[in-house]
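Chains, contacts and geometry: an overview
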Amino acid sequence: MRSSRNGNGSDVLVIGGGIIGLVTAWRAAQRGLRTAVADPEPGGGAARVAAGMLAAVTELHYGEQLLLGLNLASAARYPAFAAELEAASGLETGFRACGTLAVALDSDDRAHLRDLHALQRRSGLESEWLTGRECRRLEPMLAPGVRGGLRVDGDHQIDPRRLAAALLTACERAGVVFHRGRVERLSVAGDRAAGAVLAGGTELAADQVVLAAGSLSGRLAGVPDEAVPPVRPVKGQVLRLTVPAPYAPFLSRTVRALVRGSHVYLVPRENGELVVGATSEETGWDTTVTAGGVYELLRDAHELVPGITELPLTETLAGLRPTSPDNAPLLGPTALPGLHLATGHHRNGVLLTPITGDVMAELLTGGEPPEPARPFTPRRFPSPAVSVRQEQPA
Ligand SMILES: Cc1cc2nc3c(=O)[nH]c(=O)nc-3n(C[C@H](O)[C@H](O)[C@H](O)COP(=O)(O)OP(=O)(O)OC[C@H]3O[C@@H](n4cnc5c(N)ncnc54)[C@H](O)[C@@H]3O)c2cc1C
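Residues numbered from 1 in each chain as written. Predicted model: local features only at pLDDT ≥ 70, side-chain atom pairs only at ≥ 80, totals over all residues. Heavy atoms only, no water.

**Considerations on helix H6 (residues 291-304)**
In an α-helix, one turn spans 3.6 residues; hence positions three or four apart end up facing the same way. Along its 14 residues, H6 runs 20 Å from first to last C-alpha, staying within 8% of the 20 Å computed at 1.5 Å per residue. When we look at burial in H6, the residues that qualify are Gly293, Val294, Leu297, Asp300, Ala301 and Leu304. Buried residues of H6, seen end-on, are gathered within an arc of 145° and therefore sit on one face of the element. Residues of H6 that are exposed and angled more than 90 degrees away from the buried face: Ala291 and Tyr295. Tucked into the core, H6 has its buried residues touching strand E4 (100-104), strand E12 (232-242), strand E13 (254-259), strand E14 (262-268), strand E15 (273-277) and strand E16 (313-323). (Helix = DSSP H or I, 4+ residues; strand = E, 2+ residues; numbered from the N terminus. Expected span 1.5 Å × (residues − 1). Buried < 20%, exposed > 50% of the residue type's maximum accessible area, 1.4 Å probe, protein only. Arc of directions from axis to C-beta. Contact = heavy atoms within 4.5 Å.)

**Regarding the sheet that holds strand E5 (residues 128-131)**
Spatial strand order, E5-E6-E4-E13-E14-E15-E12-E16: eight strands in an open sheet with mixed pairing. Two strands bound the open sheet, and with one partner strand each, they are E5 and E16. Ignoring which end each strand starts from, the neighbouring axes of this sheet average 25° apart. Pairing between E4 and E13: five bridges, direction parallel. Counted as the bridge partner of Ala102 is Arg256 from E13. Lying on the sheet, H6 is in contact with E4, E12, E13, E14, E15 and E16; it crosses E14 at an angle near 70°. (Pairing = 2+ DSSP bridges. Axes fitted to C-alpha atoms, helices over the stretch in contact; angles between N-to-C directions.)

**So, the site of the ligand**
Not every one of the 37 residues close to the ligand is listed here, only the nearest: Asp39, Ala46, Val183, His346 and Leu351. Ile19 is positioned such that a nitrogen or oxygen atom in its backbone is 3.4 Å from an oxygen atom of the ligand. Here an oxygen atom of the ligand sits 3.1 Å away from a polar atom, N or O, in the main chain of Ile20. Contact with the protein chains covers 93% of the free accessible surface of the ligand, which is 1,000 Å². For the shell around the ligand, the secondary structure elements donating two or more residues are helix H1 (19-30), E12 and E16. (Near = heavy atom within 4 Å. Polar contact = N/O pair within 3.5 Å; in protein donor to acceptor, adjacent residues only side chain to side chain. Areas by Shrake-Rupley, 256 points an atom, 1.4 Å probe, with all protein chains shown as cover.)

**Considering the pairing of E13**
A regular strand places its side chains so that they alternate between the two faces of the sheet. Here E13 lies mainly inside the structure; six of its six residues are buried. Judged by which residues are buried, E13 turns out to be covered on both faces: Thr254, Arg256 and Leu258 on one side and Val255, Ala257 and Val259 on the other are all buried. As paired strands, E13 and E14 are joined by five bridges and run antiparallel to one another. Looking across to E14, one finds that Ala257 is bridged to Val264. Here E13 folds back onto E14, and the loop between the two strands holds two residues, one of which, Arg260, carries a positive phi near 45°.

**A closer look at the pattern of salt bridges**
Inspection of the entire model under this criterion finds 24 salt bridges. Between Arg347 and Glu59 there is a salt bridge, with its nearest N and O atoms 2.7 Å apart. Residue Arg347 is found in the loop between strand E18 (339-343) and helix H7 (353-364), and its partner Glu59 is found in the loop between strand E3 (53-54) and helix H2 (65-89); the two are separated by 288 residues along the sequence. We classify Arg347 as partly exposed; its relative accessible area is 24%. Residue class for Glu59 comes out buried when judged on its relative accessible area of 12%. For Asp286, the salt bridge is made with Lys235, and the minimal N-O distance between the two is 2.9 Å. Placement of Asp286 in the loop between E15 and H6 and of Lys235 in strand E12 is noted, with a sequence separation of 51 residues between them. Looking at Lys235, the relative accessible area reads 1%, which means it is buried. Each of Arg27, Arg77, Glu84 and Asp358 takes part in one network of salt bridges that share partners. (Salt bridge = Lys/Arg side-chain N within 4 Å of Asp/Glu carboxyl O.)

This is the structure we're talking about:
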């Protein structure tokens, strides 16, 4: 355990209390570090919108094999992580080992899915090709036109809102101090990060600072140009439908598809919530729910599972994925001593929550990151952030 140079401050100040900042704070506090989180609304952020798929296998993309290693390592930690978090917080997380079925509706979609299956096999992953009839036997609500699919029993789900609430409570119980305000600027003393200043002027001193402000991580004043993270927002619109009780017959696992080139997924929760997502839009920090977004999601989901039109539409929301140039997270020290990053998790932030907490706690106590996290140092990007910051609207 490090000892604080700041008598009245903390050992670690985490800027941003989304799931990534909270898991970092929880794990740091468990290691004996005096930890504080600054966020006007801790437990909010993108997790309020996210579907919560833990989809290391079905989210595999060409060129992302290194990220696959990190995703799989985090997925493997999930059952124990969820159990520990539930015990520490006394709250349920909605972790559900239900598996996923990825299906195709026409011959182009099927060719794409076959290709994904081959990539999964080459990467040593478990997935099984099913005919359309076999898919419908597993999920009878699927459209008769389903042409085939991939059964992936290892891709599970969690409820991100419950995850965030459990992390918040676990942090409070572990002694994390919350400052419910927006950080206006990073404080730098000499050649190192020394804390932060809240809007309103309150100064928070800390030996180490973790910047975990999601899609806003690249906008914090006071961060030297060479340490600014190259993170941008990628908007996602999501719908929530409600399956009336009894819930069981609708869908038993996550169902996802490429419908004529666009991705759609349906994530059924045990409480009857059915999450339909998600768009992927490069529109800056805009979180407007649009008629076009809702229309496309409903159109594609209806083609996949025609019965959804009977269900009440209970919520429409848009959120921002914090996204780096290679879609992978930025974990660890920056060019400014004392300043770490935990951001850029893009579409896998929920999946990567357990390993992010472990990696950051190890780094904050002076250790080395575990093997699968080593490639994700912020230093892999050569100081690009000046232009990133200038491009952004105020
Ligand atoms: C539509 C959608 C669907 C998704 N689906 C999935 C999924 O199925 N599976 C999956 O693994 N991931 C999914 N994700 C991704 C996941 O939700 C994110 O990667 C993750 O939630 C990012 O968490 P974060 O804590 O890094 O950032 P955020 O959630 O953005 O949190 C950042 C926090 O920082 C705070 N903050 C910002 N600026 C300041 C400041 N100046 N001072 C103080 N606090 C500040 C904010 O208030 C916020 O609470 C999805 C995301 C979206 C949008």
